[in-house]
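Listed here are the chains, written in short residue letters.
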Amino acid sequence: MSKKYWNEEIETIDREKLEEYQLKNLKEQIKFAYNNSAYYKKSFNDVGVTSEDIQALEDIRKFPFINKSIVRKRQQSKPLLGDLVAVEEERVVFVSSSSGSTGIPTVSPFTKKDFDEFQNIESRLFWGTGMRPNDRYVHALNFSLFVGGPDVIGAQNLGALCIWAGTLPSDRLLFILKEYKPTIIWTTPSYAWYLGETARQKGINIREELAIKKIIVAGEPGGSIEATKNAIEDLWGAEVYDFYGISDIFGACAGVCEYKNGLHVAEDQLLVEVINTDTLEPVGPGERGELILTTLRKEARPMIRFRTGDIVTYTDEKCVCGRTHKRINIIGRLDDMFISSGVNVFPSDIEYIVRNIEGLTGEYRITLFTKNHMTKFSLEVEVNENIKKTIREIQDTVSSEIKAHIGVKPTEINVLISGELPRATHKAKRVIDLRR
Ligand SMILES: [Zn+2]
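Residues numbered from 1 in each chain as written. Predicted model: local features only at pLDDT ≥ 70, side-chain atom pairs only at ≥ 80, totals over all residues.

Enquirer: Is there a simple way to explain the domain arrangement of the protein in this structure?
Expert: Quoted interface sizes are often the accessible area lost when the parts come together. Domain parsing of the protein yields domain 1 (1–334) and domain 2 (338–433). Using C-alpha coordinates to define each centre, domain 1 is positioned 30 Å away from domain 2. Each partner contributes residues to the interface: domain 1 has 17 residues there, and domain 2 has 14 residues. Every element with two or more residues in the side of domain 1 that touches domain 2 is listed here: α8 (189–201), α10 (226–236) and β13 (327–333). (Domains from an automatic or database assignment. Contact = placed C-beta atoms within 7 Å. Helix = DSSP H or I, 4+ residues; strand = E, 2+ residues; numbered from the N terminus.)

Written as structure tokens, this is what we have:
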């Protein structure tokens with residue numbers, strides 16, 4: 001009950017031993033993928049690599065990348081599971097399905113062993129936030145096909161009392177928070193904000209009438225943006241913990257510990273690479289690059305060098321908590337990044353600034369458009385009603401802060417009154433793209 005780690009041996013292992021463990025598993029994973037997945041056999045043969053080529057972890061760089069579009073094509077080649085899978089369908093016990101918003105939904109299959117190991121990671125990450133068997137936990141994530149749905153089982157295996165709320169309407173959810181007095185909830189950062197604001201509008205005294213002490217968030221970068229995290233924490237009087245998951249791998253692959261100093265990746269299950277997206281070469285600690293993940297122990301569908309499309313920074317220094325696995329900070333989706341006057345801009349960079357300027361509500365919307373064949377952007381922000389500054393002063397502050405932090409400023413800044421921008425329920429749509 002009072003132990004500090006879910007699995008001390010694996011979470012605090014020396015890096016040298018961890019890397020030995022990774023290497024042994026990586027060799028086996030590559031061999032398994034080659035021998036059992038028609039796709040990997042062909043893709044490895046095409047570049048002339050085999051499991052014999054893995055003598056050190058860096059040798060992973062000899063292997064080809066895989067991405068979402070390849071996964072989708074391979075699935076269509078032989079529905080339902082495609083020729084990327086490495087086991088017979090009779091061994092598959094669970095599939096999640098990603099949203100079809102950018103094409104045909106892809107399914108992510110798990111064998112019983114994959115699923116149990118997946119839930120063991122979830123228990124570990126939950127334990128790292130301080131969740132204990134005496135907690136009451138509300139899982140307010142979508143259960144319909146979403147890979148994060150089953151993560152509740154990790155909390156249940158840990159011994160917490162679990163409330164499978166899913167995406168209930170906010171009235172019902174607030175009723176549960178009031179009546180059942182759960183201590184921990186998991187949702188998206190946008191929804192945590194929306195739900196807190198809704199509670200306040202309904203006259204609920206969040207600190208007195210509710211018992212939420214911890215809010216786990218995932219799905220958007222907000223949980224790692226200091227000002228966004230602080231705003232949610234102030235609203236709720238609770239601590240915010242950021243998790244990171246990926247539909248093709250695990251519901252959560254990484255999460256912050258009580259020190260909230262980067263998200264600990266489950267490196268006993270995943271090999272982490274962070275690469276420059278132009279040169280495809282590795283970047284150093286603290287530098288921005290795309291996160292590439294290789295599963296080390298998956299049976300149903302090994303993922304070898306999966307391009308996540310997420311831009312992160314990493315460190316492999318031991319955390320204050322004593323855990324040794326790599327930690328990442330999520331900057332944003334590569335798809336959401338835009339280039340304006342030669343500068344790479346992430347909506348999360350704008351969010352960081354907007355949330356730090358006094359007098360603004362923190363809500364914002366970016367509109368991208370083309371002018372003289374160049375991407376430009378305008379910005380809408382909201383001010384609190386009692387603000388004393390003039391619109392002109394706010395525009396100047398926002399503009400100069402953005403210029404100072406990012407190096408390029410919006411062509412126009414519209415200042416709106418609190419409540420004028422739409423509030424997101426689950427995933428916020430904060431960028432409107434008018435290009436093309
Ligand atoms: Zn830590």
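Enquirer: Would you mind going over the packing of α8 against α10 with me for this structure?
Expert: For any two helices packed against each other, one specifies the crossing angle of their axes together with the interaxial distance. Their axes nearest at 10 Å, the elements α8 and α10 cross at an angle of 30 degrees. For the element pair α8 / α10, the angle class is roughly parallel. Note that α8 runs across α10; the crossing there is left-handed. Mapping the contact onto sequence places Pro189, Ala192, Trp193 and Gly196 in α8 and Thr228, Ile232, Leu235 and Trp236 in α10. In terms of residue class, the contact of α8 with α10 is built from 6 nonpolar, 2 polar and no charged. (Axes fitted to C-alpha atoms, helices over the stretch in contact; angles between N-to-C directions. Parallel < 35°, antiparallel > 145°, perpendicular 65-115°, else oblique. Left-handed = near helix turned anticlockwise from the far one by under 90°. Nonpolar A, V, L, I, M, F, W, Y, C, P; charged D, E, K, R; others polar.)

Enquirer: Explain the sheet that holds strand β5 (residues 184–187) here, please?
Expert: The strand order β4-β3-β5-β6-β7-β8-β9-β13-β12-β11-β10 describes an open sheet built from 11 strands, whose pairing is mixed. A single partner strand is all that each edge strand has here, and the edge strands are β4 (161–163) and β10 (270–275). Neighbour-to-neighbour, the strand axes of this sheet turn through a mean angle of 35 degrees, independent of strand direction. Note that strand β6 (residues 214–217) and strand β7 (residues 239–244) share 4 bridges and pair parallel. In the sheet register, Val217 faces β7, and the bridge partner there is Asp242. (Pairing = 2+ DSSP bridges.)

Enquirer: Is there a simple way to explain helix α4 (residues 68–77) in this structure?
Expert: Because an α-helix packs 3.6 residues into every turn, residues spaced three or four apart end up facing the same way. Inspection of α4 places Val71, Arg74 and Gln75 among the buried residues, and these make up the whole buried set. Take α4 and look down its axis: the buried residues cluster within an arc of 100 degrees, on one side only. For α4, exposure combined with an orientation more than 90 degrees from the buried face picks out Ser69, Gln76 and Ser77. Contact partners of the buried residues in α4: α3 (38–47) and β2 (107–111). (Buried ≥ 20, exposed ≤ 12 C-beta atoms within 10 Å, placed from the backbone. Arc of directions from axis to C-beta.)

Enquirer: What is the right way to read the packing of helix α11 (residues 347–354) against helix α12 (residues 391–406) from this model?
Expert: In the contact formed by α11 and α12, the axes pass within 10 Å of each other and the chain directions differ by 130 degrees. As summarised for this structure, α11 and α12 are arranged oblique, according to the angle between their axes. Crossing handedness for the pair α11 and α12: right-handed. Residues Asp349, Ile350 and Ile353 of α11 form the contact with α12, whose participating residues are Glu401, Ile402, His405 and Ile406. Tallied by class, residues from the contact of α11 with α12 come to 4 nonpolar, 1 polar and 2 charged.

Enquirer: Where do I start with the pairing of β10 in this structure?
Expert: On any regular strand, side chains alternate: one points to one face of the sheet, the next to the other face. Across the 6 residues that make up β10, a large majority, 5, are buried. When β10 meets strand β11 (residues 289–295), the two strands line up antiparallel, connected through 6 bridges. Bridging across to β11, Leu271 finds its partner in Thr294.

Enquirer: For this particular structure, what's the right way to read the nonpolar core?
Expert: In summary, soluble globular proteins display a tendency toward joint burial of nonpolar side chains. The biggest cluster of nonpolar side chains holds 92 residues, and the ones touching the most others in it are Ile215, Ala252, Cys253 and Ala254. Once residues within four sequence positions are removed from consideration, Ala254 is found in contact with Phe243, Tyr244, Leu263, His264, Val265, Ala266 and Ile328. Ranked by size, the runner-up nonpolar core spans 14 residues in total, among them Tyr352, Val354, Val398 and Ile402. (Core = buried A, V, L, I, M, F, W, Y, C linked by C-beta atoms within 7 Å.)

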